[in-house]
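Secondary and tertiary structure notes
These are the residues of each chain, in order.
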There are 2 protein chains.
Amino acid sequence: MTGARGKAPEGAKPTLAVVGATGAVGTVMLELLSTRRDVWGEIRLIASHRSAGRRLVVRGQETTVLPLTAEVFDGVDVAMFDVPDEVSAEWAEVAVAAGAVVVDNSGAFRMDPDVPLVVPEVNASVARKRPKGIIANPNCTTLSMIVAIGALHRAYVLESLVVASYQAASGAGQAGIDTLYDQIAKVAGHRELGTRAGDVRRIVDDDLGPFAAPLAMNVVPWVGSAGADGWTSEELKVRNESRKILGLPDLPVSATCVRVPVVTGHSLAVHARFKRPIELPKVYELLRDSSGVLLFDDPSHQEFPTPADVVGTDPTWVGRLRIALDDPQALDLFVCGDNLRKGAALNTAQIAEVVAEDFMAVATA
Amino acid sequence: MTGARGKAPEGAKPTLAVVGATGAVGTVMLELLSTRRDVWGEIRLIASHRSAGRRLVVRGQETTVLPLTAEVFDGVDVAMFDVPDEVSAEWAEVAVAAGAVVVDNSGAFRMDPDVPLVVPEVNASVARKRPKGIIANPNCTTLSMIVAIGALHRAYVLESLVVASYQAASGAGQAGIDTLYDQIAKVAGHRELGTRAGDVRRIVDDDLGPFAAPLAMNVVPWVGSAGADGWTSEELKVRNESRKILGLPDLPVSATCVRVPVVTGHSLAVHARFKRPIELPKVYELLRDSSGVLLFDDPSHQEFPTPADVVGTDPTWVGRLRIALDDPQALDLFVCGDNLRKGAALNTAQIAEVVAEDFMAVATA
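Cut-off values and rules
Residues numbered from 1 in each chain as written. Chains lettered and ligands numbered in written order. Predicted model: local features only at pLDDT ≥ 70, side-chain atom pairs only at ≥ 80, totals over all residues. Heavy atoms only, no water. Helix = DSSP H or I, 4+ residues; strand = E, 2+ residues; numbered from the N terminus. Rg over C-alpha atoms; globule rule 2.2 N^0.38 Å. Buried < 20%, exposed > 50% of the residue type's maximum accessible area, 1.4 Å probe, protein only. UniProt positions renumbered as here; feature names shortened; annotations may be inferred. Salt bridge = Lys/Arg side-chain N within 4 Å of Asp/Glu carboxyl O. Contact = heavy atoms within 4.5 Å. Buried area = accessible area lost by both parts, 1.4 Å probe. Polar contact = N/O pair within 3.5 Å; in protein donor to acceptor, adjacent residues only side chain to side chain. Nonpolar A, V, L, I, M, F, W, Y, C, P; charged D, E, K, R; others polar. Expected span 1.5 Å × (residues − 1). Pairing = 2+ DSSP bridges. Axes fitted to C-alpha atoms, helices over the stretch in contact; angles between N-to-C directions. Least-squares fit on C-alpha atoms with pLDDT ≥ 70 in both. Domains from an automatic or database assignment.

When helices and strands are counted, chain A shows 10 helices and 14 strands. Compactness check: chain A gives a C-alpha radius of gyration of 21 Å against a globular reference of 21 Å for 365 residues, within 12% of the reference. Viewed in the frame of its principal axes, chain A has a C-alpha envelope of about 65 × 50 × 40 Å. Expressed as a percentage of its 365 residues, the buried residues of chain A come to 61%.

Right, here's the structure in full:
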C-alpha cells in the first residue's frame with residue numbers, strides 16, 4: 001500500500017481536504033460529509049482563489065474556504081479533487097508530494113494504468129494498488145450504471161453493452177444547472193413553442209451556457225468534446241471506463257450520450273449481452289441483494305426509475321428489466337442515478353472512506 | 001388492386017375524407033393538405049360528435065367539420081383515419097363498405113397480415129396489395145427512424161437493431177402537449193427543483209395528463225401500455241412494425257421507449273448491425289441520395305439533429321454517424337423526425353397520394 005502516511009498518532013482520525021468545495025459536486029460533498037459516518041478528523045475546504053474566503057457549513061460547522069496552494073496540503077491525509085482536468089493534472093501530484101492520497105474526480109488520470117479507477121461495490125480491492133498515490137473516480141455517466149452492470153456481470157459474464165444516455169444539466173456543473181433554469185423560465189408560458197424549427201433557439205436567445213444546443217424543450221445528442229471517429233469524449237469515457245472498472249479490456253461498448261432538460265439525475269437505457277442465458281427471477285434476486293442497487297421494477301404500479309424520483313438518493317435505481325425477445329442472453333434495462341451523488345460526490349466519499357479505514361488500521365496497528 | 005372504385009368521371013380528382021380532423025395530427029394534416037401538391041377533389045373533414053360543427057381552414061377554405069356517421073363516407077374515395085384504435089376498428093370497415101380506401105393511423109390494423117404497413121420511401125409497392133381495402137400507417141416512433149434504416153438496410157442488409165427513444169409529448173396527442181406546457185409553467189422559476197426526490201411531483205401537483213410520471217424536468221421510461229414480459233406496447237410496435245415494413249420477420253429488435261419533455265419531435269439513438277461491413281463515406285453518400293432523409297452530421301459545426309431544430313420539417317434527420325469501435329458491421333446513429341408530420345400526418349398523406357395516383361390513372365385509363 002502506498003499513500004496514506006500512517007504516521008498519525010494512535011486513534012487520530014485522518015485529515016481530509018476537499019478541493020473544489022464550492023462547485024455543484026462540492027456542495028453535495030459537504031452534505032454527504034455532514035450526514036455519513038464520520039471517519040474524518042479535520043476537514044479542510046479548498047477552492048480556486050476566486051471562491052476562497054467563502055464560508056461553508058460542513059458537519060454543522062462554518063468553515064472558511066482556503067485558496068488552492070501547495071501549503072494547504074500540509075498534514076492532509078486524503079485529498080478529494082473535484083476540479084477541471086487541467087487543475088487536477090497540475091495539483092494532484094502536489095497533494096501526493098505533501099503526503100496525501102488523492103481521490104480525483106477529473107478525467108486527468110482515469111485511464112492511467114498506474115491509477116486505479118474505483119467503484120467500491122465493484123472493485124474496491126484495486127483502491128489499494130495506487131503506485132502514484134492517486135485513485136480516480138469514474139465519470140458520472142459510467143457511474144450511473146456500473147454498479148448494476150457489475151452485479152449482473154458477476155453472475156452472467158458480460159459480453160457487450162449498447163447504451164443510450166439521458167444526462168442531466170448538472171453534469172455540466174453549476175453553469176449547466178443555471179442555464180437550464182434560465183432557459184425553462186424563458187420558454188414557460190410560450191404555448192406556441194414546439195411546432196416550428198428554431199423557435200426554441202430564438203426564445204432562449206442563444207444563451208446556450210455549456211451546452212451545444214438549446215436544452216429546454218429539447219434533447220442534445222452531444223456531451224463533452226469531439227473524440228476520434230465521430231465519438232464524443234463522453235461516449236469514449238463510458239466505453240473505456242466500463243472496460244477498466246469491470247476488468248474487461250476488450251468489452252465491446254457502444255454509447256450514445258444525450259443531454260436532456262433534467263436538472264440532476266442521469267438515466268441510461270442499457271442493452272447488455274451476457275455469456276450465459278438470463279432468468280429474470282434470478283436477476284431480480286441478485287439485484288435485490290446487491291449493495292448500492294435499488295430494484296424498482298413494477299410498471300403495473302408505476303414503479304420504474306425516473307430522475308425526478310431518484311435525485312437526492314444514493315443508489316443506482318434499476319427498472320424496466322426485460323429479456324430481449326430475440327436473444328435469451330441479452331437484457332434490456334433502464335437505470336437512473338443521482339449524477340452528483342453516486343455519479344460524483346458519493347463515490348468519491350466512498351473511495352476516500354476505504355482509504356481512511358486503511359489509514360486508521362495502520363495508525364492503530 | 002382492390003379499393004379505389006375507379007368509377008369517377010374522366011379527369012375527376014378523388015374525394016378525400018379526413019377522420020379525426022380536429023386532433024393534433026389532424027391539425028398538421030390540414031396544413032399539409034393546404035401546402036402539398038393538390039391531388040384531391042372534395043376534402044371532407046370529420047370528427048367525433050363532440051368536435052363536429054367546428055369550422056377549420058383547409059386549402060384556404062373554411063370547412064365545417066362533419067360528425068362521424070356511415071353516410072359521411074358516401075362518394076369518398078380515400079379516407080384517412082387518425083383516431084383511437086377502437087374507433088378505427090369500428091369505422092374503417094364502414095368507410096371501406098362505402099367504397100373508400102382507408103389509410104389508418106391507429107394500431108388497429110398494423111399487424112393484420114391482410115393490411116399492408118406502408119412507408120412510401122421504403123415499401124410503396126405493398127400499398128397496392130390491400131385485400132381489406134385498408135392500408136396502415138406505422139406508429140410515430142417506428143416512422144421517425146425507418147426511412148433512414150430502410151436506406152441503410154438496402155445497402156448493408158440489417159441483422160439487428162437496438163434503439164432507445166426520446167419521444168415528444170405530442171405523441172400522446174393534444175392532451176400530451178397541454179400537459180407539458182402546464183407542467184413547464186408550474187416548474188419555471190423554481191430554481192430549487194432537481195435536488196430532492198419528489199419535488200417535481202409535488203409542484204406539478206399530480207396533474208400527469210396522459211403520462212405515467214411528471215414529464216417537465218424529467219424523463220419517463222414508460223410509453224403506451226403494458227405488453228408481455230415487461231415490454232410496453234410502444235416497444236413492441238417498434239419491433240413488430242420495423243420487421244413488417246422491412247420485410248424481415250425474424251429481425252432481432254430491442255427498443256426502450258422513453259418520453260422526454262419536448263413538445264414535438266421524436267429522436268432515437270440507434271445501434272444497427274448489418275451483414276456487411278460499413279464504410280462511413282459510402283453511408284454518407286447513400287443517405288445524401290435517399291429520399292426523405294436529411295444528413296446533418298458535422299458536430300464540429302454543431303450539426304447534429306435535435307427536436308427543436310427538426311420540428312415542422314418533413315425529413316428524417318440523421319446525424320452522429322459512428323462505426324462501432326468494436327464491430328465494423330455495426331453503426332451507431334441519432335435520428336430525429338417530426339412525429340406529427342413524417343411520424344403521422346405526412347406519411348398518411350403520402351400513402352393517400354399513392355392511392356390517389358392509382359385512382360386517377362384508372363379514372364383516365
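Turning to the UniProt feature "domain: Semialdehyde dehydrogenase NAD-binding" (unreviewed entry) in chain A, a few remarks are in order. The feature "domain: Semialdehyde dehydrogenase NAD-binding" (unreviewed entry), as given by UniProt, occupies residues 15–130 of chain A in the numbering adopted here. Structurally, residues 15–130 of chain A is divided into 25% helix and 23% strand, and its ends, taken at the C-alpha atoms, are 19 Å apart.

Opposite charge on two side chains permits them to pair, given that their charged atoms come into close proximity. Residues and elements named next belong to chain A. In this structure the tally under the stated criterion is 48 salt bridges over all chains. Among the salt bridges present, the one from Arg55 reaches Glu62, with a minimum N-O distance of 2.7 Å. Given the relative accessible area of 47%, Arg55 is considered partly exposed. In this structure Glu62 comes out as partly exposed when scored by relative accessible area, which is 47%. A network of salt bridges, in which partner residues are shared, links Glu159, Arg273, Lys275 and Asp327.

Residue and element names in this part refer to chain A. The feature "binding site: NADP(+)" (unreviewed entry), as annotated in UniProt, sits at Thr22, Gly23, Ala24, Val25, Arg50, Ser51, Ser170, Gly171 and Asn339 in this numbering. Across 318 residues, the annotated set is spatially dispersed, with a maximum C-alpha separation of 25.4 Å. Within the fold, Ala24 resides in helix H1 (residues 24–35). Residues contacting Ala24, with those up to four places away along its chain left out, are Gly173, Gln174, Ile177 and Leu340. Among the residues examined, Gly171 registers a relative accessible area of 35% and is labelled partly exposed. Look past the residues within four positions of Gly171 in its chain and what remains in contact with it is Arg259, His266 and Asn339.

Time to look at the interface of chain A and chain B. Contact residues are listed per partner, giving 74 residues for chain A and 74 residues for chain B. Here chain A meets chain B over a buried area of about 5,700 Å², counting both sides, of which 61% is carbon and sulfur. Interface area lost by chain A to chain B is led by Tyr181, Arg191 and Leu325 of chain A, which between them contribute 12%. The interface formed by chain A and chain B contains 14 salt bridges. With its nearest N and O atoms 3.4 Å apart, the salt bridge here joins Glu235 of chain A to Arg322 of chain B. Summed over the shared surface of chain A and chain B, the number is 42 residue pairs in polar contact (both at pLDDT 80 or more). The element contributing the most residues to the side of chain A that touches chain B is helix H5 (residues 173–187) of chain A, with 6 residues. Its residues assigned to classes, the side of chain A that touches chain B comprises 42 nonpolar, 17 polar and 15 charged.

Turning our attention to helix H7 (residues 233–246) of chain B. One full turn of an α-helix is made of 3.6 residues, so residues set three or four places apart face in the same direction. Along its 14 residues, H7 of chain B runs 20 Å from first to last C-alpha, staying within 8% of the 20 Å computed at 1.5 Å per residue. A large share of H7 of chain B lies buried, amounting to 11 of its 14 residues. By the burial criterion, the buried members of H7 of chain B are Ser233, Glu234, Glu235, Leu236, Val238, Arg239, Glu241, Ser242, Arg243, Ile245 and Leu246 of chain B. Of the surrounding elements, those touching the buried residues of H7 of chain B are strand E13 (316–323) of chain A together with helix H3 (120–123), helix H4 (140–156), strand E9 (158–166) and strand E10 (253–256) of chain B. Immediately beyond the C-terminal end of H7 of chain B, within one or two residues, lies Gly247 of chain B, with a positive phi of roughly 70°.

On to the sheet that holds strand E14 (residues 330–337) of chain B, then. Residue and element names in this part refer to chain B. Taken together, the 6 strands give an open sheet; going across it, the order is E10-E9-E11-E14-E13-E12, and neighbouring strands pair in mixed fashion. Bordering the open sheet on either side are E10 and strand E12 (293–295), each of which pairs with just one other strand. On average, each strand axis in the sheet is inclined to that of its neighbour by 25°, with strand direction left out of account. Both strand E13 (residues 316–323) and E14 contribute to a ladder of 5 bridges, which runs antiparallel. Pairing of Gly319 across the sheet is with Phe334, part of E14. Sitting on the sheet, H4 is in contact with E9, strand E11 (266–274), E12, E13 and E14, with an inclination near 30° to E11.

The transform that puts chain A on chain B rotates by 180° and translates by 0.0 Å along the axis, for an RMSD of 0.0 Å. One copy is carried onto the other by what is essentially a two-fold rotation axis.

Among the secondary structure elements, Asn218 of chain B is positioned in the loop between helix H6 (199–203) and H7. When its relative accessible area of 0% is taken as the criterion, Asn218 of chain B is described as buried. A distance of 3.0 Å separates the side chain of Asn218 of chain B from the side chain of Thr306 of chain A, its partner in a polar contact. Aside from chain neighbours lying at most four places away, what touches Asn218 of chain B is Pro261, Val262, Thr306, Pro307 and Ala308 of chain A together with Ala213 and Pro261 of chain B.

Turning to the domain arrangement of chain A, a few remarks are in order. All names here are of chain A. Here chain A is described as being made up of domain 1 (16–137 + 344–363) and domain 2 (142–339). Centre-to-centre separation of domain 1 and domain 2, based on C-alpha positions: 26 Å. With 17 residues of domain 1 at the interface, the matching set in domain 2 holds 18 residues. Between domain 1 and domain 2 the total buried area reaches about 1,400 Å² when both faces are included, carbon and sulfur atoms providing 63% of it.

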